[in-house]
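What follows is each chain in one-letter form.
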Amino acid sequence: MVIYIDVLVFLNTLINCLLLLGAGALRRIRLGKIRLLFSSLFGGFFSLMLLLPDMGKLFSVLIKAFGAVIMTLIAFGFENARAFLRSLGSVLFVSFSFAGVMFAVYLVFRPEKMTLNNGAVYFDISVRAFVICAVVCYLFIKLFVFLLKRYSSDNTLCTVSIEMNSKTVVLKGLADSGNSLTDVFTNKPVTTVEKSAVKRITENANENRFGVVPVKTALGTGILKTVRADKMTVYYDGKKYEIASPVIALSDESLSDGEYGALINPMIFEFGSKKDETVKNNK
């Protein structure tokens, strides 16, 4: 079968884009468009390995894992070792799941217009069929992420109440073990919230409450404005935690698709006073 390099690179770039979106959904991280594009393109050109002689299954897996490490670094960045390993694990899980399905299809049906070699895949199909397959893959990933969130969200989502100047806002939060954001001056864990969600309690706050914190995420590096609230109460895992003078980072961008409005560093539970009473998260 004749293999066209441009089709091979384009096909695998699109496939990698879908796989990275799936990995990002597993990590509950919205990938930056530029990072997603360059990571997918790297994976697309990495697929040129298909043109090389068969290197054997073990070596193919190792090479595929190496490519996944580079793609993960490009797409997710490197915040810390734990966060990176979680991102890498998500990429490997989604990639090997896809590779397993493709290998099964290849073994069972032996399609004449499909080539699988050294961890790369090539389909000699029409543009119309390719677009249909891409849409089906995207919908499958969306369904998978929806089911994952539905049956696992109770383990990580919590209810957050922030008090400041005798005003209170209540919102959903996500306790993410990959989040290690801390205040460089007080060394306190920082809770990131959507700026619009706490505008009502921060708009007339005294200037001495505000500060900044450097951040490094999958979207890149930068600085977030912070505000020191009076108290924050977190209802998490059946317990109630009260944190005095919490540091709140204000994000101009949405943290999720409406699922939560606060991103919590789990270390904050060690700084807060835990109540013995059992409290259920608000649904």
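Residues numbered from 1 in each chain as written. Predicted model: local features only at pLDDT ≥ 70, side-chain atom pairs only at ≥ 80, totals over all residues. Heavy atoms only, no water.

Caption draft 1: Geometry of the overall build of the protein chain. A count of helical and extended segments in the protein chain gives seven helices and twelve strands. Split into buried and exposed, the 283 residues of the protein chain put 42% on the buried side. The contacts in the protein chain between residues at least 6 apart in sequence include a share of 71% that link residues at least 24 apart. Here the protein chain displays about 15,800 Å² of accessible surface, and carbon together with sulfur accounts for 63% of that area. (Helix = DSSP H or I, 4+ residues; strand = E, 2+ residues; numbered from the N terminus. Buried < 20%, exposed > 50% of the residue type's maximum accessible area, 1.4 Å probe, protein only. Contact = heavy atoms within 4.5 Å. Areas by Shrake-Rupley, 256 points an atom, 1.4 Å probe, with all protein chains shown as cover.)

Caption draft 2: Fine view of the confidence of the model for the protein chain. Of all residues in the protein chain, 66% attain a pLDDT of 70 or more, and the chain-wide mean is 76. Contacts of residues 276-283 to residues separated by more than four positions or lying in other chains number 19 contacts, the stretch itself having pLDDT below 50. (pLDDT = per-residue confidence, 0-100.)

Caption draft 3: Examining the side chain of Thr 202 more closely. Relative to the helices and strands, Thr 202 is located in helix H6 (residues 199-202). Setting aside chain neighbours within four positions, we find Thr 202 in contact with Met 164, Phe 210 and Val 227.

Caption draft 4: Looking closely at the packing of aromatic side chains. Applying the stated criterion across every chain, the model contains one aromatic pair. Geometrically, the ring pair formed by Phe 78 and Phe 84 is tilted, given 5.5 Å between the ring centres and 45° between the ring planes. Among the residues examined, Phe 78 registers a relative accessible area of 38% and is labelled partly exposed. Under the relative-accessibility criterion, Phe 84 is labelled buried at 11%. It is Lys 225 that lies over the ring of Phe 210; its NZ or CZ is 4.5 Å from the centre. (Phe/Tyr/Trp six-rings, centres within 6.5 Å; stacked < 30°, edge-to-face > 60°. Lys NZ or Arg CZ within 6 Å of the ring centre and 35° of its normal.)

Caption draft 5: Structural detail: the nonpolar core. Residues Ile 162, Met 232, Val 234, Ile 248 and Phe 269 are the most contacted members of the largest nonpolar core, which totals 24 residues. Every element with two or more residues in this core is listed here: strand S3 (157-164), strand S4 (167-175), strand S8 (231-236), strand S9 (239-244), strand S10 (247-251), strand S11 (262-264) and helix H7 (268-271). Ranked by residue count, the leading element in this core is S3, at four residues. Judged by nonpolar contacts, the second largest core, of 16 residues, contains Ala 68, Met 71, Phe 84 and Val 91. (Core = buried A, V, L, I, M, F, W, Y, C linked by side-chain atoms within 4.5 Å.)

Caption draft 6: Representation of a nonpolar patch on the surface within the structure. A cluster of nonpolar residues, Ile 34, Leu 37, Phe 38, Leu 41 and Phe 45, forms a patch on the protein surface that exposes about 510 Å² of accessible area. Within the secondary structure, Phe 45 sits in helix H2 (residues 33-46). (Patch = residues over 30% accessible without salt bridge, like charges linked within 9 Å, V, L, I, M, F, W, Y side chains within 5 Å. Salt bridge = Lys/Arg side-chain N within 4 Å of Asp/Glu carboxyl O.)

Caption draft 7: Spotlight on the pairing of S9. Bridge count for S8 against S9 is six bridges, and the pairing is antiparallel. Following the sheet pairing, Tyr 235 is matched in S9 by Lys 240. Hairpin remark: S8 followed by S9, antiparallel, with two residues in the connecting loop; positive phi at Asp 237, about 55°. (Pairing = 2+ DSSP bridges.)

Caption draft 8: Molecular detail of H2. With 14 residues, H2 extends 20 Å between its outermost C-alpha atoms, agreeing within 8% with the 20 Å of an ideal straight helix rising 1.5 Å per residue. Along H2, the positions that sit buried rather than exposed are Leu 36, Ser 39, Ser 40, Gly 43 and Gly 44. What you see down the axis of H2 is that its buried residues fit within an arc of 145°, all on one side. Residues of H2 that are exposed and point more than 90 degrees away from the buried face comprise Ile 34, Phe 38 and Phe 45. (Expected span 1.5 Å × (residues − 1). Arc of directions from axis to C-beta.)

Caption draft 9: A look at unusual backbone geometry. One non-glycine residue, Asn 165, lies in positive phi territory at about 55°. Position of Asn 165 among the secondary structure elements: in the loop between S3 and S4. Of note in the backbone geometry, Ser 245 takes a positive phi value of approximately 45° without being a glycine. Here Ser 245 shows up in the loop between S9 and S10. By relative accessible area, which is 28% here, Ser 245 ends up partly exposed.

Caption draft 10: Region of the structure containing the pairing of S8. In terms of strand pairing, S3 meets S8 through five bridges, oriented antiparallel. Within S8, the residue paired with Glu 163 across the bridge is Lys 231.

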